[in-house]
Amino acid sequence: MEGALTARDRVGVQDFVLLEEYKSENAFIFNLKKRFKEKLIYTYIGSVLVSVNPYQQLSFYTQYHMEKYQGVNFYEMPPHVYAIADNVYRSMRNESRDQCILISGESGAGKTEASKYILQYLSVCSTSNEQVGHIKSQLLQSNPVLEAFGNAKTHRNDNSSRFGKYMDIQFDYKGAPVGGHILNYLLEKSRVVHQASGERNFHIFYQLMEGSDEKMLRKLCLEKTPDTYFYTNQGKCAKVRSINDRKDFIAVQKALKVLEFSEQQIDNLFEIVASVLHLGNVNFSANDEGNAVVQNDHVVQKVSILLGCDLDQLLQALTHRTIEANKEKMQSPLAVDQAVYARDALAKAVYGRMFNWLVESLNGSLTNKDVKRRSLIGLLDIYGFEIFKSNSFEQFCINFCNEKLQQLFIQLTLKQEQEEYRSEGIEWEPVEYFNNKVICDLVEERHKGIIDILDEECLRPGDASDKTFLKKLEETVGEHKHFVTHALGDAKMRKTIGYEEFRLIHYAGEVTYSIEGFLDKNNDLLFRDLKETMSKATNEIIKSVFPTSELARLKRPETVGSQFRTSLNKLMDILMSKEPSYVRCIKPNDAKMSDRFDDNLVRHQVKYLGLMENLRVRRAGFAYRRTYDVFLKRYKSLCPKTWPRWDGPAKEGVALLCKHIDYADGDYRLGKTKIFIRFPKTLFATEDAFQIRKHELATQIQASFRGWSQWRKFQRMRDAVTLLSAHWRRVLACRLREKRKKAVHDVRKFILGFITRNRPRCPENAHFLDYVRISYLQRCQSGLPRNVLDKSWPKAPAALEEAADLLQHLYMRNMTLKYVKTITPQRKAAMEEKVLASAIFRSKKRGYEESVAQPFQDKRQVDQLKPKMQTSMDPGDKPIYCCTVTKYDRHGYHARQRTLVVGSSATYLFDSKDGKLKQKILHSELRGISTSSLGDHVFVLHAPSEQKQKGDAIVQSTFAIETMTKLANIAKKSKDVKVVENGSILHDMAGGKQGTIEFHAGTQPSVTKSKQGSLVVIAPGR
């Protein structure tokens, strides 16, 4: 709870004891309002829980929240009805003392819902097994049954409890629920026959009509419309938006089965409810003599069928009354108003006794038959103080009950405070408070109280009435300072009190009661004839609640007021024997809206619930108290001597803490087990200091934790590295050992194999031979030829020479194949020309080797041909090869610059200057090509002498080998190319003559004409 003090400015304090202005009612209500606006509907006054009805479903009633409140300190969690339930349950188990929870508040304040939540929590937190689970289910299922038969819609509440209920839940030594017992108080039977506008009768009437199927409705002679029946149509609001009668009726039927009601009992119950509805529709009229007669006998017949009584007897009992005088009995007819009274009295009696039977039957299902000692938790859900515009006998009884509960509340609260102070050794300071015992005595005192005066007037022979009762009150208690009537009041007061009213000054305020109906309601008389008729009914429930033994009693039955006083005193004894806890319920507005807070309405409830009185008692001494260990645990960080750890007694630690914080001597006291702080501001200052200190500590803790976390991370990493390195070293060592072992083995095998290498293959030399082969193959891999011209090959051992030759052959074939696949058609043609050149000139002519590295030009100078040259060629013949040459003519061997053009069908010689065709040699007529073996560039084209250009063509070309190869290839004359070795070539000249070309080896190349007339060519030799 202390943790919530930091938000006190926004959401108020969780405990009213911590209010600075605790004597101010305005401050009290303002704190309540702030919390209500924040959906915080629960607030403490010490151990008392104040609950404000939120008029909406909130999210903190889940299974998670129930578990969250289990077993925690009362003030450790925010205020909640679960905290009250858990504290009561743990106290019952730990201290083996009976507990009770008193839930009070006016209609619509949320008492019934609070009791449901408490029951749900107790069923969850307690131990369980299959049998216990059945008991839990029965305890929970008793609620819908009692609500159906005992709750109704009023102006203030759609599900208002119209009776008081006290339930004892029995637990075994393990803390498991084993049974329960219910006491009911003052059922509002008048609601059966009368409802104000905007209100309804008890829920069960509407549920039965809405939820029954057609078969059941026919059996009960009912219709689905509540407006058909007088007892359900007076309020004019049969349908309510927040109530689903059909669904609720199904829940009631299911609950009755869980509670082990037989099918016969359930049928009897619903028959009684239906009979009451029909009874309300019985109408009377006066005969000629002024006596009442039943107008609709068929309705009475339905009642007689449902209750199983004689029709004629019932008709007689409704219109006549048996009077006994001087031991003689006579029938006295009833007037119409008396017959209506008798009808309503019967309806109230039947329903009231049925309700009592229902409660007793529930007790029969819930009560544990085991006689062993059991612990109890009592749950009192009773009506709150009521002040209406018109207050009658019911309000008088209800308010008297609240006076008694307030008296008990103050007494027990003071007693608890005194006991705590005494047990802690703190001096008790007397507290001034209003003791309402004087009002309780005014109502219940023997022979002098209002209840006894009312009984005397009811029993007095003669013409007793409500007015004579009022007069008797004025004579008997007229001088009481809390009682006033119109006759006893002053002039001002008489304006607010009617002639037939009296006013009581309760602890919660002044209430004016109308005396109309006081005597009748107190007597609650049912004519003997009706009792006798009911006692003969065949309906088992009616028969049991109207026993024949009752007719034999001569003593007048006890009045309602006396019965209520007796049962209330017994209830007080029960509550006094238990350790009480309190839930005070408050209604925030009359409109049932979730966002409205009516200050005046709440102020009124705070007053009559005695909350300010309770707060003053609680704050009379010290506002705050906690055990030493709890206080020290929270605030020890504020003192260096107690932080971070205190090993001594908690009391000494708290003393040091208070001294360090500098508490004034009058601000606190140290008890035996608790510290008591007088003023809330002292606690607030301590809490504010703690919040500041908490942030400082958080910074320190974060820094320390981060350092520790990193250190731990480093430790883990270091340990991991050490472990990994150790394992890795082991792996490496194992690998090294295996490697060395294998190496030794291999060396031994190698040596043995080397020694036996020349023997045939055997186990001793197989490894060595394999090694030799592998080594050779590895050498081959690194020393293989890189091109097809490289003929080298690694030298093989003697045993592998044959394999080496095969490998070399295969490798060269493979490399050649790869090389061939990479050659383009153009490249292939060039290669073929080179091969042709090789076939013709290799080892025959000097200069061939130098030409090998120079690739032949495919179309040398073809693009440079003059148009005249191209037109001079034969039609269809295209130039394939062209080059510039020097031609030696036939007349003196003069050198002429010519252009040699090789076509597809002929070779042409053109004048390089004017492009004139000088000679054409058809390839088909070309007789051959001759050249010397020297390094000259002269070759002879042997043409037929019959041509117009007489003689062979002597040509010198810089690219002689290329030109001859191209020409031989194109002309298909490769076999006709001759390389002359004897030093001279004969050639044909004009006129059939032959000339000679002499070739001489020399260092100075030249071409000249000799004196003998031959052509001399000097060129380097081979």
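> Would you mind showing me how to read the overall build of the protein chain here?
Along the backbone of the protein chain there are 36 helices and 31 strands. The C-alpha radius of gyration of the protein chain comes to 65 Å, more than 25% above the 31 Å expected for a compact globule of 1022 residues. Counting only C-alpha atoms, the protein chain reaches 205 × 85 × 75 Å along its principal axes. Relative to its full complement of 1022 residues, the protein chain shows a buried share of 50%. Sequence separation of at least 24 residues holds for 63% of the intrachain contacts in the protein chain that already meet a minimum separation of 6. Of the roughly 51,500 Å² of accessible surface on the protein chain, 52% is carried by carbon and sulfur atoms. On the protein chain, the mean spot of the 155 positive side-chain charges and the mean spot of the 123 negative ones are 16 Å from each other.

> I would appreciate a short explanation of the packing of aromatic side chains in the present structure.
For any two aromatic rings, the description comes down to two numbers: the centre-to-centre distance and the angle of the planes. A full pass over the atoms with the stated rule returns 33 aromatic pairs. Summarising the aromatic geometry, the rings of Phe-36 and Phe-597 are spaced 5.6 Å apart at their centres and angled 45° between planes, so their arrangement reads as tilted. You can see Phe-36 sitting in helix H2 (residues 25-37) and its partner Phe-597 sitting in the loop between strand S16 (579-586) and helix H26 (599-608), a full 561 residues away along the chain. Residue Phe-36 shares its accessibility class with Phe-597, and that shared class is buried. Ring geometry for Tyr-635 and Phe-690: centres 5.6 Å apart, planes at 85°, overall edge-to-face. Of the two residues, Tyr-635 sits in helix H28 (residues 628-635) while Phe-690 sits in helix H30 (residues 680-755), which places them 55 residues apart along the sequence. For Tyr-635, a relative accessible area of 0% puts it in the buried group. For Phe-690, a relative accessible area of 10% gives the class buried. The ring of Tyr-206 carries the charged tip of Arg-200 above its face, separated from the ring centre by 4.0 Å. Positioned over the ring face of Phe-754 is Arg-757, at 3.9 Å from the centre of the ring.

> Honestly, the sheet that holds strand S18 (residues 668-670) in this entry has me stumped. Any pointers?
The pairing of strands in a sheet happens through backbone hydrogen bonds and is either parallel or antiparallel. Spatially, three strands are ordered S17-S19-S18 in an open sheet, and the strand pairing comes out antiparallel. Edge positions in the open sheet fall to strand S17 (624-627) and S18, since each of these has one partner strand only. Each strand axis lies, on average, 15° off the axis of its neighbour in the sheet, ignoring direction. Bridge count between S17 and strand S19 (residues 674-677): four bridges; the pairing is antiparallel. Along S19, the bridge assignment pairs Tyr-624 with Ile-677. Along the sheet, H28 contacts S17, S18 and S19; its crossing angle with S17, the most-contacted strand, is approximately 95°.

> What is the right way to read the environment of Arg-241 from this model?
Here Arg-241 shows up in the loop between helix H10 (230-233) and helix H11 (245-258). Given a relative accessible area of 88%, Arg-241 falls into the exposed group.

> I keep staring at the sheet that holds strand S14 (residues 501-506) and nothing clicks. Help me out?
Spatially, the three strands line up as an open sheet ordered S13-S14-S15, and their pairing is antiparallel. Pairing within the sheet leaves two strands with one partner each, and these edge strands are strand S13 (483-485) and strand S15 (509-514). Along the sheet, successive strands turn relative to each other by an average axial angle of 25°, direction set aside. Pairing analysis gives three bridges linking S13 to S14, with the strands arranged antiparallel. From the neighbouring strand, Phe-483 faces S14, where its bridge partner is Leu-504.

> Sorry, what's going on with a nonpolar patch on the surface here?
A surface patch of nonpolar side chains, amounting to about 580 Å² of accessible area, comprises Val-747, Phe-750, Ile-751, Phe-754, Ile-755 and Tyr-771. Tracing the sequence through the fold places Tyr-771 in helix H31 (residues 766-782). Given a relative accessible area of 43%, Tyr-771 falls into the partly exposed group.

> Please clarify how helix H18 (residues 450-459) should be interpreted in this entry.
Each α-helix winds once per 3.6 residues, and so residues spaced three or four apart point in a common direction. Of all ten residues making up H18, eight are buried, and the element is well covered by its neighbours. Taken residue by residue, H18 has Ile-450, Ile-451, Asp-452, Ile-453, Leu-454, Asp-455, Glu-457 and Cys-458 as its buried positions. At its buried positions, H18 is contacted by helix H16 (393-424), helix H17 (437-444), helix H19 (466-477), S14, helix H21 (518-523) and helix H25 (560-576).

> It is not clear to me how empty space enclosed by the protein should be interpreted in this structure. Could you clarify?
Where empty space is left can be seen by rolling a probe of water-molecule size over the atoms. The final tally for this structure, using the stated rule, is six cavities of 30 Å³ or more. Estimates place the volume of the largest cavity at around 70 Å³. Sort the elements by how many residues they give to the lining of the largest cavity and helix H6 (residues 130-150) lands first, with three residues. For the lining of the largest cavity, the residue count by class is two nonpolar, four polar and three charged.

> Can you walk me through the pattern of salt bridges in this structure?
For side chains bearing opposite charge, pairing can occur when the charged atoms are close. On inspection of all chains with the given rule, the structure shows 41 salt bridges. Among the salt bridges present, the one from Glu-113 reaches Lys-116, with a minimum N-O distance of 3.4 Å. Pair noted here: Glu-113 and Lys-116 are both in helix H5 (residues 111-125), with a separation of three residues, about one helical turn. With relative accessibility at 35%, the residue Glu-113 sits in the partly exposed group. A salt bridge links Asp-441 to Lys-437, with the shortest nitrogen-to-oxygen separation between them at 2.9 Å. Taken as a pair, Asp-441 and Lys-437 lie in helix H17 at a separation of four residues, close to a single helical turn. For Asp-441, a relative accessible area of 24% puts it in the partly exposed group. The structure contains a network of salt bridges with shared partners spanning Arg-162, Glu-188, Arg-191, Glu-199 and Glu-386.

> What is the right way to look at the environment of Arg-321 in this model?
Residue position: Arg-321 is located in strand S10 (residues 320-325). With a relative accessible area of 38%, Arg-321 lands in the partly exposed category. For the pair Arg-321 and Pro-1005, spaced 684 residues apart in sequence, the C-alpha to C-alpha distance is 176 Å.

> Honestly, the side chain of Gln-195 in this entry has me stumped. Any pointers?
Relative to the elements of secondary structure, Gln-195 occurs in the loop between helix H7 (190-193) and helix H8 (203-211). Assessed through its relative accessible area of 3%, Gln-195 is described here as buried. Side-chain polar atoms of Gln-195 contact the backbone oxygen of Arg-191, separated by 2.8 Å. Within the structure, the side chain of Gln-195 is placed 2.9 Å from the backbone oxygen of Tyr-231, a separation counted as a polar contact. Filtering out sequence-adjacent residues up to four positions away, Gln-195 remains in contact with Arg-200, Asn-201, Tyr-231, Thr-232, Gln-234 and Gly-235.

> Explanation requested: unusual backbone geometry in the structure shown.
Negative phi characterises most residues that are not glycine, and trans characterises most peptide bonds. Residue Pro-644 is bonded to the preceding Trp-643 through a cis peptide linkage, with omega at 5°. Tracing the backbone shows Pro-644 in the loop between H28 and helix H29 (650-661). Positive phi is not limited to glycine here, since Lys-236 has a value of about 60°. A positive phi angle, near 60°, is found at Lys-972, a position not held by glycine. Mapped onto the secondary structure, Lys-972 falls in the loop between helix H36 (960-971) and strand S27 (977-980).

> What am I meant to see in H5 here?
The end-to-end C-alpha distance of H5 is 21 Å, a good match for the 21 Å that 15 residues give at a rise of 1.5 Å each. For H5, the buried fraction is high: eleven of the 15 residues fall into the buried class. If you check which residues of H5 are buried, you get Lys-111, Thr-112, Ala-114, Ser-115, Tyr-117, Ile-118, Leu-119, Tyr-121, Leu-122, Ser-123 and Cys-125.

> Would you mind going over the packing of helix H4 (residues 81-95) against H5 with me for this structure?
Orientation of H4 relative to H5, taken along the N-to-C sense of each, is 50°, at an axis distance of 9 Å. Taken together, the axis directions place H4 and H5 in an arrangement best described as oblique. Seen from above, H4 lies across H5 with right-handed handedness. In this structure, H4 uses Val-81, Tyr-82, Ala-85, Asp-86 and Tyr-89 to contact H5, whose residues at the interface are Ala-114, Tyr-117, Ile-118, Tyr-121, Leu-122 and Cys-125. Residues belonging to the contact of H4 with H5 are distributed by class as follows: ten nonpolar, no polar and one charged.

Rules used in this analysis
Residues numbered from 1 in each chain as written. Predicted model: local features only at pLDDT ≥ 70, side-chain atom pairs only at ≥ 80, totals over all residues. Heavy atoms only, no water. Helix = DSSP H or I, 4+ residues; strand = E, 2+ residues; numbered from the N terminus. Rg over C-alpha atoms; globule rule 2.2 N^0.38 Å. Buried < 20%, exposed > 50% of the residue type's maximum accessible area, 1.4 Å probe, protein only. Contact = heavy atoms within 4.5 Å. Areas by Shrake-Rupley, 256 points an atom, 1.4 Å probe, with all protein chains shown as cover. Lys, Arg positive; Asp, Glu negative; His and termini not counted. Charge placed at Lys NZ, Arg CZ, Asp CG, Glu CD. Phe/Tyr/Trp six-rings, centres within 6.5 Å; stacked < 30°, edge-to-face > 60°. Lys NZ or Arg CZ within 6 Å of the ring centre and 35° of its normal. Pairing = 2+ DSSP bridges. Axes fitted to C-alpha atoms, helices over the stretch in contact; angles between N-to-C directions. Patch = residues over 30% accessible without salt bridge, like charges linked within 9 Å, V, L, I, M, F, W, Y side chains within 5 Å. Salt bridge = Lys/Arg side-chain N within 4 Å of Asp/Glu carboxyl O. 1 Å grid on protein atoms, 1.4 Å probe; cavity = no way out; pocket = protein on both sides within 12 Å on 5 of 7 lines; lining within 4 Å. Points joined across faces, edges and corners; volume = space filled by probe spheres on them. Nonpolar A, V, L, I, M, F, W, Y, C, P; charged D, E, K, R; others polar. Polar contact = N/O pair within 3.5 Å; in protein donor to acceptor, adjacent residues only side chain to side chain. Expected span 1.5 Å × (residues − 1). Parallel < 35°, antiparallel > 145°, perpendicular 65-115°, else oblique. Left-handed = near helix turned anticlockwise from the far one by under 90°.

Take it as geometry only, folks, not as evidence of what the structure does.
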